Amino acid sequence: MRHDATGDSEPPDPVDTRLGARLAELRAERGWSLGELAERSGISRSTLSRAERAEISPTAALLNRLCHVYGRTMSQLLSEVESEPALLVRAAEQPVWEDRASGFVRRSVSPPHTGLRAELVEGRLTAGADIAYDRPPVPGLEQHIWVLEGALDVTVQEAEHHVGAGDCLRMRVWGPTRFRCAGPQAVRYVLAVVKP
C-alpha cells in the first residue's frame, strides 16, 4: 500500500502494479539481485524494491535508467504493461498447440501475460509418449502437475516420480526434466506454472 500526503493508505495504481511486476520479471530473467541491478542502474536497492512492489510510482528518469539497463525504449516497456489480462478465457479461445512427433497436446487454459507470474496449462500425452527438456525456460520455475486421467512418470533432474490420477507433484525446475506417459492409456493433466 502506498501512502498519500495525509499518511492514509491507498491501493497501488493498476498500471504501476503491472509495471512493477514487469520490472521484477526483467530482473529475474537476467538472474540479477536487487544489489546487482542497483550497481548497473545507479538506483538504490530500496527504491528498486519499492518500484517492483508498486509501493511507489516510478518517475520517467527512473524508468529511463532501467530501460537503458534492459536495452528497451520506454515505449516498449510501457507497451508490455498497458493492458490487463482477460479475466475470463473461454474454452474456444484457449490456444492449443500439438507436437505430433511426440504425441503431446498443450492447451493454454490461462494464457501467459507479462503482468502475471502464473499460468495454467492442460497437457495430454498419448500412450508411450516421452518428452525430455534439457533445461527450464526460466531457472527456478515452479511447477505443479495434477494428473486428471491416466498416469505420468516425471523425472526432475535425477529424481523419478510416478504420478497417478488425482496425485499432484510440486517441483522447482533448475535442470533437465522428462515426462513419460506411464501406462497403456493416454494421460491428461493440469500444469500450473509460476515464474520465480
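Residues numbered from 1 in each chain as written. Predicted model: local features only at pLDDT ≥ 70, side-chain atom pairs only at ≥ 80, totals over all residues. Heavy atoms only, no water.

Caption draft 1: Representation of the overall build of the chain. Broken down by element type, the chain carries 5 helices and 12 strands. Residue pairs in contact within the chain that sit at least 24 positions apart in sequence constitute 60% of those at least 6 positions apart. About 11300 Å² of surface is accessible on the chain, with carbon and sulfur atoms providing 53% of the total. (Helix = DSSP H or I, 4+ residues; strand = E, 2+ residues; numbered from the N terminus. Contact = heavy atoms within 4.5 Å. Areas by Shrake-Rupley, 256 points an atom, 1.4 Å probe, with all protein chains shown as cover.)

Caption draft 2: Main features of the pattern of salt bridges. The tally for this structure, following the rule as stated, stands at 16 salt bridges. Across the pair Arg-22 and Glu-25 runs a salt bridge whose closest N-O atoms are separated by 2.7 Å. With Arg-22 and Glu-25 both in helix α1 (residues 14-30), this residue pair falls 3 residues apart, about one helical turn. Each of the two residues, Arg-22 as well as Glu-25, counts as buried. Notably, a salt bridge pairs Arg-100 with Glu-98, separated by 3.9 Å at the nearest N-O pair. In this structure Glu-98 comes out as partly exposed when scored by relative accessible area, which is 43%. Residues participating in the shared-partner salt-bridge network are Arg-22, Glu-25, Glu-29, Arg-30 and Lys-195. (Salt bridge = Lys/Arg side-chain N within 4 Å of Asp/Glu carboxyl O. Buried < 20%, exposed > 50% of the residue type's maximum accessible area, 1.4 Å probe, protein only.)

Caption draft 3: Focus on helix α2 (residues 34-41). Looking only at α2, the buried set comprises Leu-37, Ala-38 and Ser-41. For α2, the arc enclosing every buried residue in end-on projection is 105 degrees, short of the 170-degree limit, so these residues lie on one face. Contacts made by the buried residues of α2 are with α1, α3 (45-52) and α4 (60-70). Looking one or two residues past α2, Gly-42 carries a phi angle of roughly 80 degrees, positive in sign. (Arc of directions from axis to C-beta.)

Caption draft 4: Representation of the sheet that holds strand β8 (residues 151-156). The 4 strands lie next to each other as β6-β11-β8-β9, forming an open sheet whose pairing is antiparallel. Each end of this open sheet is capped by a strand with a single partner; those strands are β6 (130-133) and β9 (159-164). Adjacent strand axes in the sheet meet at a mean angle of 15 degrees when their direction is disregarded. The pairing of β8 with β9 spans 6 bridges and is classified as antiparallel. Directly across from Val-156, in β9, lies its bridge partner Ala-159. (Pairing = 2+ DSSP bridges. Axes fitted to C-alpha atoms, helices over the stretch in contact; angles between N-to-C directions.)

Caption draft 5: Highlighting the packing of aromatic side chains. Scanning the entire structure with this criterion turns up 3 aromatic pairs. Seen from their ring centres, Trp-32 and Tyr-70 are 5.9 Å apart, and the 15 degrees between their planes marks the pair as stacked. In this pair, Trp-32 sits in the loop between α1 and α2 while Tyr-70 sits in helix α4, placing the two residues 38 residues apart along the sequence. For Trp-32, a relative accessible area of 14% gives the class buried. Tyr-70 gets classed as buried once you look at its relative accessible area, which sits at 5%. (Phe/Tyr/Trp six-rings, centres within 6.5 Å; stacked < 30°, edge-to-face > 60°.)

Caption draft 6: How the structure looks around the sheet that holds strand β4 (residues 104-108). As summarised here, the arrangement of the 6 strands in space is β3-β4-β5-β12-β7-β10, forming an open sheet in which the pairing is antiparallel. Looking at strand neighbours, the two that pair on one side only are β3 (96-99) and β10 (168-173), the edges of this open sheet. On average, adjacent strands in this sheet sit at an angle of 20 degrees to one another, irrespective of strand direction. Pairing analysis gives 8 bridges linking strand β5 (residues 118-125) to strand β12 (residues 187-194), with the strands arranged antiparallel. Looking at β12, one finds that Arg-124 is bridged to Arg-188.

Just geometry here; none of it tells us what the structure is for.
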